[in-house]
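# Architecture and fold: a report
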Amino acid sequence: MDWRDHGILLTSRRHGETAAIIEVFTEGHGRHAGVVRGGTSRKIAPILQPGAQLDVLWRARLEEHIGTFQVEPLRSRAAAAFSGRLALAGLNTVVALLSFCLPEREAHPRIYKQTEQLMDLLGQDEIWVLAYLRWELSLLEELGFGLDLTRCAVTGVTEGLEYVSPKTGRAVSVDGAGDWVDRLLPLPPCLRGVGDAPDTELVQGLLTTGHFLENHVAPSLGNNPLPGARARFIDQINRQL
């Protein structure tokens, strides 16, 4: 059994004295793990950094085996990731969420393409958080928890949408909120792709998407908590407000 693909390195951990086990999010084969022989060597270890773009060749005697990877670097994102605290926190959040949310060995080409584009924006702090928010919306949709922000779930109107139902993920207008307003989540314009997306709106948007990651996605995966990297990323954004 063997295949070749390209992908984004999510995790790498030592295996034995000289090998490493890596997890790569590939375009055609999804989230896939394998052993890299010599992965702790001076030649290969610098390649195996989270976010790195790799060409990978996977081999195993049987498909269900963990298999081995041969890796070749296509693009390093280390310089961009270490350009600032926001970039590093963002990178750690993306790889942690993908490793947490995506099933193993299941292709998700749409979210893969969007992830690759997001990773290539690392270091551009002025646009990265908005790009990340849109990526999180896409991730929720990919996992079957997409938000419907086009019209009010109560009245059907398309104007005056200010809230999101925490249960259904559907938009709610000011008039439709009624006595339930205190229980609804914020719907800032940037979450609908409208406006200039100031930082305060971005934080509100991430509060809303975070609710669905924590209360809908995580329970569907065994009720494990979301990776702490996301909370640290939000904290970093708040520090820069």
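Cut-offs used in this document
- Residues numbered from 1 in each chain as written.
- Predicted model: local features only at pLDDT ≥ 70, side-chain atom pairs only at ≥ 80, totals over all residues.
- Heavy atoms only, no water.
- Helix = DSSP H or I, 4+ residues; strand = E, 2+ residues; numbered from the N terminus.
- Buried < 20%, exposed > 50% of the residue type's maximum accessible area, 1.4 Å probe, protein only.
- Contact = heavy atoms within 4.5 Å.
- Pairing = 2+ DSSP bridges.
- 1 Å grid on protein atoms, 1.4 Å probe; cavity = no way out; pocket = protein on both sides within 12 Å on 5 of 7 lines; lining within 4 Å.
- Points joined across faces, edges and corners; volume = space filled by probe spheres on them.
- Nonpolar A, V, L, I, M, F, W, Y, C, P; charged D, E, K, R; others polar.

### Here we look at the environment of L54
Of note, L54 is situated in strand 4 (residues 53-59). Here L54 falls in the buried class, since its relative accessible area comes to 0%. Ignoring any residue separated from it by four or fewer positions in sequence, one finds L54 in contact with D5, H6, G7, L9, I47, L48, V71, E72, P73 and L74.

### Focus: the pairing of strand 4
With respect to burial, strand 4 is a largely interior element, six of its seven residues being buried. Relative to strand 5 (residues 68-75), strand 4 runs antiparallel, the two being bridged by seven bridges. Considered in strand 5, the bridge of V56 is made with V71.

### Comments concerning the side chain of E136
With respect to the helices and strands, E136 occurs in helix 4 (residues 125-142). We classify E136 as buried; its relative accessible area is 0%. Contacts of E136, omitting those with residues within four sequence positions, involve L97, L206, T209, G210, L213 and R230.

### Focus: the layout of surface pockets
If you add up the space inside the largest pocket, you get close to 250 Å³. Every residue lining the largest pocket is listed: A153, V154, S165, P166, K167, T168, V172, G176, A177, W180, R183 and L184. Of the residues in the lining of the largest pocket, the class split is seven nonpolar, three polar and two charged. Every residue along the wall of the second largest pocket is listed here: V203, L206, L207, G210, H211, E214, L226, P227, R230, A231 and I234. Listing elements by their share of the lining of the second largest pocket, those giving two or more residues are helix 6 (199-220) and helix 7 (228-239). It is helix 6 that provides the largest number of residues to the lining of the second largest pocket, a total of six residues.

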